[in-house]
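A look at the structure
Single-letter residue listing:
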Amino acid sequence: MTVMAVFSALTHRSGELYRKLLPIPCLLCGLPGKQEPLCQACAAELPLLGPACQRCAMPLESAQICGRCLQQPPVSSYSFSLYRYHAAIKRCITAFKFHQQLQFADFFAARMLQQLKADHEPPDCLIPIPLHPLRFRQRGFNQAFEIARRLARGLDIDCQADLLQRVRYTRSQSQLSFNQRRQNIRRAFDCSTQPVPAHIAIVDDVMTSGHTTAEAARILQQNGAETIEVWTIARAISHY
Ligand SMILES: [Zn+2]
Ligand SMILES: [Zn+2]
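A brief structural summary. What you see is a predicted model; the values in this text were computed from it and never measured. (Residues numbered from 1 in each chain as written. Chains lettered and ligands numbered in written order. Predicted model: local features only at pLDDT ≥ 70, side-chain atom pairs only at ≥ 80, totals over all residues. Heavy atoms only, no water.)

So, the overall build of the chain
Each helix and strand counted, the chain has nine helices and seven strands in total. Here the chain holds 240 residues, and 44% of them are scored as buried. The contacts in the chain between residues at least 6 apart in sequence include a share of 70% that link residues at least 24 apart. (Helix = DSSP H or I, 4+ residues; strand = E, 2+ residues; numbered from the N terminus. Buried < 20%, exposed > 50% of the residue type's maximum accessible area, 1.4 Å probe, protein only. Contact = heavy atoms within 4.5 Å.)

Written out as C-alpha cells, the structure reads:
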C-alpha cells in the first residue's frame, strides 16, 4: 500500500468515525438527533398510511379493496406504503433524493422492514424502479435501489437492480396531469433480456398516480412474473 493509499484510508475512517460521533441535526426541527436524520419525536409524528386498499394502497376505512380496483383490477396484487405523502415526508424524501441525504435510506428501510416482516411472506426478489442512465448520472444514485437493497438484505432475499431497464427518457411525472402521466411512462421499461422470478415486489420511493409502478408491473408480467407487489415509502393521496 502506498503512503497516499494509507493516508486516504485513514482520512476515510476518521471521517466515518466523526460522522458517527457527531449528532446529526433533525431535518424537521433542527434539534440534535442521534445517528438518524430525524429526532425521535419527529420520527414518531410522521403520518403512517393506516388502513388502505390492499391492491393500490389508497386509504380506506378498513384494509379491503377499493371500488376502483374492484372495477379495474391492477396487475399488482398487493401494494404496501408506509407513510402518507404529507409535508414532513415530502421534506424527508426531497432531502434524500435531491440533496444526497442517504441516511434517509437506512431510516425508511428500517421502518418499512418492521412492518413488512410482521405481516408478510417475502417475495422471491425485489426490483427497484430504475432511473434512466441520464438521470442516474445527474443524481449519482437511484433512490429506489438504495431502499430496495436494504430491504432485500433485511429480508434475506435478492435485489435485482438490472432486471428492469429504463429504455426511454421521460419527463418527471410530478409536473404532469393524471392522463399525461400514463402517456409519459408508456413503454419506458424493458426486461426482455433476463428471466423474471414468479413472485416479485417492485420498489419505488413515492406512489402517486401509480402509473410508473403499473407500467413496470405490466412489462414484468409479460415477461413471466406471476405475483407482483408494489412497495413504496409513501403514498400520495391525490385528488385524481
Ligand atoms: Zn425533530
Ligand atoms: Zn385500490
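With respect to the side chain of Glu215
Along the polypeptide, Glu215 turns up in helix 9 (residues 211-222). A polar contact of 2.8 Å, which involves the side chain of Glu215, links it to the backbone nitrogen of Arg187. Leave out the neighbours within four places in its chain, and Glu215 touches Ile185, Arg186, Arg187, Ala188 and Phe189. (Polar contact = N/O pair within 3.5 Å; in protein donor to acceptor, adjacent residues only side chain to side chain.)

Describing the coordination of the zinc ion (ligand 1)
Geometry reference: four tetrahedral donors at a metal, ideal angle 109.5 degrees. Six octahedral donors, ideal angles 90 or 180 degrees. In this structure, Cys26 (SG), Cys29 (SG), Cys39 (SG) and Cys42 (SG) serve as the protein donors to the zinc ion (ligand 1), at separations of 2.3 to 2.4 Å. Each of the four donor atoms bound to the zinc ion (ligand 1) contributes to angles spanning 103 to 116 degrees, and the resulting shape is tetrahedral. Mapping the donors of the zinc ion (ligand 1) onto the primary sequence yields the spacing C-x2-C-x9-C-x2-C. (Donors = N, O, S within 2.8 Å, 3.2 Å for Na, K, Ca; no water. Tetrahedral: all angles 85-135°; square planar, octahedral: opposite > 155°, others 65-115°.)

Taken by themselves, the reported measurements are silent on function.
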